[in-house]
Amino acid sequence: MPTSSKKEKLIEGVLPESKAHELLYKMVLTRAFEENAEEMYGLGKVHGTMHLSIGEEGVAAGAGPALRPSDYLLNTHRGHGHFLMWGGDLNRMMAEFMGKEAGYCRGRGGSMHIADVESNNLGAQGIVAGNLPISVGVGLSIQMRKTDQVVLTLFGDGAANEGAFHESLNMASIWNLPVIYLCENNQYAMSMAFERAFRVEQVSERAAAYGMKGLTVDGNDVIAVYKAVSEAAEQARKGAGPTLIEAITYRWKGHSKSDRQLYRTREEVKKWMEKDPIKRFAAKLDVDEAGLKEIEKKAKEEIRKAVEFADNSPEPDVNTILEGIYA
Amino acid sequence: MPTSSKKEKLIEGVLPESKAHELLYKMVLTRAFEENAEEMYGLGKVHGTMHLSIGEEGVAAGAGPALRPSDYLLNTHRGHGHFLMWGGDLNRMMAEFMGKEAGYCRGRGGSMHIADVESNNLGAQGIVAGNLPISVGVGLSIQMRKTDQVVLTLFGDGAANEGAFHESLNMASIWNLPVIYLCENNQYAMSMAFERAFRVEQVSERAAAYGMKGLTVDGNDVIAVYKAVSEAAEQARKGAGPTLIEAITYRWKGHSKSDRQLYRTREEVKKWMEKDPIKRFAAKLDVDEAGLKEIEKKAKEEIRKAVEFADNSPEPDVNTILEGIYA
Amino acid sequence: MRELSYMEALREAMRQAMQKDDRVFLIGEDIGIYGGAFGVSAGLLDEFGPKRIIDTPISEAGIAGACIGAAVTGMRPIGEMQFSDFVVIAMEQLVMQGAKMRFMFGGKAEVPFVMRLAGGSGTGAAAQHSESLENWFVHVPGLKVVMPSSPYDAKGLLLAAIEDNNPIMFFEHKVLYKTKGPVPEEMYTIPLGQSHVVREGKDLTVVATSIMVSRALEAAEQLSKEGIELEIIDPRTLKPLDEKPIIESVIKTGKALIVHEAVKTGGFGGELTAVIMESEAFGYLDAPVKRLAGLDTPIPYNRNLEYHAVPQVENIVEEARKLVKGQY
Amino acid sequence: MRELSYMEALREAMRQAMQKDDRVFLIGEDIGIYGGAFGVSAGLLDEFGPKRIIDTPISEAGIAGACIGAAVTGMRPIGEMQFSDFVVIAMEQLVMQGAKMRFMFGGKAEVPFVMRLAGGSGTGAAAQHSESLENWFVHVPGLKVVMPSSPYDAKGLLLAAIEDNNPIMFFEHKVLYKTKGPVPEEMYTIPLGQSHVVREGKDLTVVATSIMVSRALEAAEQLSKEGIELEIIDPRTLKPLDEKPIIESVIKTGKALIVHEAVKTGGFGGELTAVIMESEAFGYLDAPVKRLAGLDTPIPYNRNLEYHAVPQVENIVEEARKLVKGQY
Ligand SMILES: Cc1ncc(C[n+]2csc(CCOP(=O)(O)OP(=O)(O)O)c2C)c(N)n1
Ligand SMILES: Cc1ncc(C[n+]2csc(CCOP(=O)(O)OP(=O)(O)O)c2C)c(N)n1
Ligand SMILES: [Mg+2]
Ligand SMILES: [Mg+2]
């Protein structure tokens, strides 16, 4: 989706440069959001739990721009980045995170359930693989309504061992549904290392069990993800059915708030921190350290303002507690 | 398992001839049981439903003798043959089928739940794929008790699209459990043709998704099934983990009592009736038509006596209705 | 009026809804050429084609997910669990996704689908094909639970369920499928959340659901000969429950018997007892509210045991008589 | 006596059971090196190794199946659902297989396993991580349902559950994990099916489960200052339910309030109401039995809404006071 009409430089021949810079900013913004989230959690300003995608921002940055505003998103518990890439408004997102009435879900959902049905963002997910069967229905609905939409369904490596994964991929495949299954393989499901939970080398090998196209890409390479999702979307729009894309990446932080990370070594984490998707994408765009600092500053300021917005938003009125359950 | 100690002729180099004749008899007995079952159903002598394996007897005949009495069986809804091959007593089986107190399950289970825990026969199954997760536990238990038992888990092609299939095979594979997954692919799940429900050619292709060995055999060829299950059992006993075996066969009768069979042609059924596993195995054993007639006569007589036994058995006492729920 | 079977009434409701609204479609196992395990959807494939009468692999979670995903993006699916028992595989989708989606998203999504489930015992189908699990769903905010007891109600309630903008669990009874009754040809709806006083009487309020309604009616005929007049109320929708007619009836009769097929312990009868207890009817109770329900056992295969595992007409007669005569 | 937290009491029960009996093992998600999402199994991997503390893939149906299959072949597994909500994925295995296996096989199988589930709200975990689903399982013949409310009960009930030869749903409460109380060092069991009179009082019987027991106790202290004395009973096992102490108490006080966290409609409170109603206590009731339970809503994320979605001490005080004063 070129963002300007005049001929613009394309990064790796596919992504308009201005769009790429926008993505870089959103990656930085995602990280700033999550760093701030962690801090607020530490200060007791938010409760519950949260799942940080720091280190994995490349996947969302590549996937989001490959799709159209009319497409659908089914997100995961680790989905702040995808939410922003899908065009989510930072203020309302922050308000939701802080449980405020101005939040996307009126403070009822929080980080794990944030959604924006109006923009076809069908929500984050608290149940591992819970979104996978739903994507069958979204795909069917697109097919029946005869639009050229697609649905992007995100999930982790751990989710690929739930029965729901199996039923969903099979149904999407036999019916040629326009679903893009994007597995963020960050190599752990909480404390469960990929090698302990799988006897295949790659999640994408499982596509064959459904006669589906499967491929693995470097999830820390924005352009690689962008290309894979674009291609899958094109196939899906043509009626050629679903694709299973596995994006290899790594989570820098603990699984959630209370993770002591005994299941991996500091060295392993350090090794992956050297493959920072933000630095990598910045380098590709010839943004130097000073340039990145500038962007970070801007992002942090936007975060600060969002916190201010959320802080000033009212709590939901207790008298509305039974609202929004039934239509 | 040779049944006599002196050197005996081996069919296809693997199966002792006397054992083979015993199997042939049991195949005929299975069919006689089911033909009689259908008749009794028509006469209102039994109620509920039943699932006939007529035309599929080769699978049970090949699988049963490949295992030991100390092994475990997890059967399906279409499991009369496996029950007999596992050494089930015809009288008590018939009594169960007729809901009598003398039945294996005191008349509580019926055809769909017939079990004999004492002989490690952990029961037929009313929930498609419901036995698959259980086999993980049986496998774990064998591993923890350090015996050289294995568990034979049966299921249909339709079951391979349940989420339970996925979770079970993955867990068995990553832990190297001694499970033999034997899929009876009779090409239909009720009215659902295999090609409509799968985008792979063979169920066994799915083994790869779990890093498991998978193979497809002719399910109407007793010896082929016997060899495959024997080999899988040997591997499992050695600690080499599970195998997925797909046995291709065909159900001659409707799915259950009320099936008008609009989903397939008479010609297709006829074509498969020409591949009768009983006739085929008889031919291999040089049993001619007259010989087969003789066997059938004997089987029918045994069935008649079993019906007599069951007819003379009392109904469960209504006062015992709350028995057997809790230990 | 023309008579239809319960099954035909359901089929007609689906046919008319599909004719009227392109967004309505059917999805489930063997609902196409097979016509459904009990024949409810027979003939619909011919009329609407495989794009609207969708046969699925054996994947109950997938069926539920298909309904949810299609519903939230503008369609109005009718899903089927071939036997209500199989809903155990779809619980995550129905309870964690379908039921809660609107709420979790701040009241901003609509998830209009109907899940039809063939429930109940009486066909010799044994422990895994005879469950009555409706109270599980009564316990789930976000779902509605409907249980028609007659062909007339079956059609009217199903049409109302299809029109409703919420996820609805629609429990049919296998043994009712062939029972007949008057059913108007035109489309009509019976509002969800409207109890039905099926029979008026002064001596005892009987609240019965699904197949127990006809059994209660039979019991009432017998007792009438003894001069005992039962008032029979069918809630029809268990959730939302229309309490008023029940409470008013108990105020009138001073006594109540609750009859359902599901296992007694933890069942809907407890809910009804509490609803009566917490209402103004409490002050009018001449006797304890009693529950007559399924025994605390899985359904046995044996015909005789199966019969005795759930309330039958003679049990209702006996319990009702005892209550009216003050023998409890 | 030595004090332990609820979590430590559970851990000690598991440790001692595993030391004593080789057949006992643990299976679940992240129970090994991670020590369980809430830390309940912390340290057990070091002591017993990965063959007895088995980390699984994210496959809840598989976990349940692993328990059932191992149990029926001679082991005594303790499974874990990381959050009780995730049991929605394991319903088929638990309800259709584990619960019914013995019955379907004519009373000839034993399926001794314990499924531990971390339930309840109060941690900001929102709608998919805060459920209280115990009444679903109360409604399933073949299962037992246990809900400890204190560290002492947690250890004694868990040891009893591990010794029991049936499948047991063992509901723990997340918010109780860190609460402390006296716990003997030696192994001891609290028989399943024994209600506990936690506090004696003459004015009102309060039947409370899980975390509501301590809230009821707090409420009782406050009301005591007003001269109102609550009698508090904790059933501890919801199934089988020990009705006698409850009935006797209601006969004494003439009034009952039932308090649970789970959603009111379709919940265990209805069952308890009916049990009281159907007992001889009916004749002694001076007031209707009342239920104070979770609102009919999924649990909201917002802290304040979450707080108000389930009964708190002040709600118990208020309801109890009203009942005692005849204001209902
Ligand atoms: C059905 C279910 N089981 C378990 C959990 C608890 N849980 C939340 S996230 C998670 C790990 C998920 O791993 P993966 O799918 O790889 O995603 P990641 O967290 O690595 O992004 C677990 C076990 C859950 N939320 N839902
Ligand atoms: C979970 C579940 N879904 C649906 C059914 C209904 N049903 C019983 S057998 C069957 C077909 C099974 O097909 P397959 O696994 O191929 O075995 P086959 O009957 O062909 O031997 C169906 C749909 C069931 N018993 N359980
Ligand atoms: Mg992961
Ligand atoms: Mg089949």
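Owing to the predicted nature of the structure, the values given are computational and were not obtained by experimental measurement.

Colleague: Explanation requested: the overall build of chain A in the structure shown.
Modeller: Secondary structure summary: chain A contains 11 helices and nine strands in total. Rg of the C-alpha trace for chain A: 19 Å, near the compact-globule value of 20 Å for 327 residues, within the 12% margin. Oriented by its inertia axes, the alpha-carbon framework of chain A measures out at about 50 × 50 × 50 Å. Taken over 327 residues, chain A has a buried fraction of 65%. Expressed as a percentage of contacts within chain A between residues at least 6 apart in sequence, the contacts between residues at least 24 apart total 73%.

Colleague: Please explain the site of ligand 2 as it appears in this structure.
Modeller: Near ligand 2 you find 23 residues, and of these His77, Arg78, Gly126 and Asp157 of chain B together with Glu60 of chain C are the closest. Flanking ligand 2 are residues from chains B and C. Within the side chain of Arg78 of chain B, one N or O atom sits 2.7 Å away from an oxygen atom of ligand 2. One nitrogen or oxygen atom from the side chain of Asn186 of chain B is found 2.8 Å from an oxygen atom belonging to ligand 2. When isolated, ligand 2 has an accessible area of 570 Å², and the protein chains bury 97% of it.

Colleague: Help me understand the interface of chain D and chain C, please; the structure alone is not making it clear to me.
Modeller: Reports of interface size often rely on the accessible area that becomes lost once the parts have come together. Across the contact, 47 residues belong to chain D and 47 residues belong to chain C. Taken together, chain D and chain C are joined by six salt bridges. Where Glu271 of chain D meets Arg291 of chain C, a salt bridge forms, and the shortest distance between an N and an O atom there is 2.8 Å. For the interface between chain D and chain C, the tally reads 20 residue pairs in polar contact (both at pLDDT 80 or more). Of all the secondary structure elements, the ones that give two or more residues to the side of chain D that touches chain C are helix H4 (91-98), helix H5 (101-104), helix H6 (134-138), strand E13 (256-263), helix H10 (268-277) and strand E14 (290-294) of chain D. Element by element, the count of residues in the side of chain D that touches chain C is highest for H10 of chain D, at six residues. Partitioned by chemical class, the residues of the side of chain D that touches chain C number 25 nonpolar, 11 polar and 11 charged.

Colleague: Looking at this model, I keep getting lost on the interface of chain B and chain A. Mind explaining?
Modeller: Listed per partner, the contact involves 21 residues of chain B and 21 residues of chain A. Inspection of the chain B/chain A interface yields 16 residue pairs in polar contact (both at pLDDT 80 or more). Breaking the side of chain B that touches chain A down by element, the ones donating at least two residues are helix H6 (163-174) and helix H7 (194-197) of chain B. For the side of chain B that touches chain A, the leading source of residues is H6 of chain B, giving seven residues.

Colleague: Looking at this model, I keep getting lost on the relation of the copies chain D and chain C. Mind explaining?
Modeller: Here the two chain copies are tied together by a rotation about an axis and a shift along that axis. Mapping chain D onto chain C calls for a rotation angle of 180° and an axial translation of 0.0 Å; the resulting RMSD is 0.0 Å. Expressed as a symmetry operation, the mapping of one chain copy onto the other fits a two-fold axis. Closest to the rotation axis within chain D is the C-alpha of Gly270 of chain D, separated from it by 2.1 Å. Comparing interface residues between copies, 100% of those in chain D also lie at the interface in chain C; the contact surface is shared.

Colleague: I'm lost on the relation of the copies chain B and chain A in this one. Help?
Modeller: Mapping chain B onto chain A calls for a screw motion: a turn of 180° about the axis and a shift of 0.0 Å along it, with 0.0 Å RMSD after fitting. When the interface residues of chain B are mapped onto chain A, 100% of them again lie at the interface, so the same face is used by both copies.

Colleague: Is there a simple way to think about the coordination of the magnesium ion (ligand 3) in this case?
Modeller: Residues and elements named next belong to chain A. Only Asp157 (OD), Asn186 (OD1) and Tyr188 (O) from the protein coordinate the magnesium ion (ligand 3), and they sit 2.0 to 2.1 Å from it. Spacing between the donor residues of the magnesium ion (ligand 3) along the chain follows D-x28-N-x1-Y. Highlighted residues: Asp157 in the loop between strand E4 (151-156) and helix H6 (163-174) and Asn186 in the loop between strand E5 (179-185) and strand E6 (188-189), separated in sequence by 29 residues.

Colleague: Would you take a moment to explain the domain arrangement of chain C for this structure?
Modeller: Residue and element names in this part refer to chain C. As assigned here, chain C comprises domain 1 (3-182) and domain 2 (196-324). Each of domain 1 and domain 2 has a C-alpha centre, and the two are 26 Å apart. Opposite the 28 residues of domain 1 that make contact, domain 2 presents 23 residues. Here domain 1 packs against domain 2, burying approximately 2000 Å² in sum over the two surfaces, 56% of which is carbon and sulfur. Looking at the side of domain 1 facing domain 2, the largest losses of area belong to Asn135, Val138 and Met147, adding up to 24% of the total buried there. At the boundary of domain 1 with domain 2, the tally comes to one salt bridge. Two residues, Asp153 and Arg236, come together in a salt bridge whose shortest N-O distance is 3.3 Å. Viewed at the interface, domain 2 and domain 1 are joined by 14 residue pairs in polar contact (both at pLDDT 80 or more).

Colleague: Where do I start with the side chain of Glu29 of chain D in this structure?
Modeller: Residues and elements named next belong to chain D. With respect to the secondary-structure elements, Glu29 resides in the loop between strand E2 (24-28) and helix H2 (44-48). Of the buried charged residues, Glu29 lacks a salt bridge, with Arg116 as the closest side chain of opposite charge at 12 Å. Within the structure, Glu29 has its side chain in polar contact with the backbone nitrogen of Ser59 (distance 3.5 Å). Look past the residues within four positions of Glu29 in its chain and what remains in contact with it is Asp55, Thr56, Pro57, Ile58, Ser59, Glu60, Ile63, Glu80 and Gln82.

How each quantity is defined
Residues numbered from 1 in each chain as written. Chains lettered and ligands numbered in written order. Predicted model: local features only at pLDDT ≥ 70, side-chain atom pairs only at ≥ 80, totals over all residues. Heavy atoms only, no water. Helix = DSSP H or I, 4+ residues; strand = E, 2+ residues; numbered from the N terminus. Rg over C-alpha atoms; globule rule 2.2 N^0.38 Å. Buried < 20%, exposed > 50% of the residue type's maximum accessible area, 1.4 Å probe, protein only. Contact = heavy atoms within 4.5 Å. Near = heavy atom within 4 Å. Polar contact = N/O pair within 3.5 Å; in protein donor to acceptor, adjacent residues only side chain to side chain. Areas by Shrake-Rupley, 256 points an atom, 1.4 Å probe, with all protein chains shown as cover. Salt bridge = Lys/Arg side-chain N within 4 Å of Asp/Glu carboxyl O. Nonpolar A, V, L, I, M, F, W, Y, C, P; charged D, E, K, R; others polar. Least-squares fit on C-alpha atoms with pLDDT ≥ 70 in both. Donors = N, O, S within 2.8 Å, 3.2 Å for Na, K, Ca; no water. Domains from an automatic or database assignment. Buried area = accessible area lost by both parts, 1.4 Å probe. Lys, Arg positive; Asp, Glu negative; His and termini not counted.

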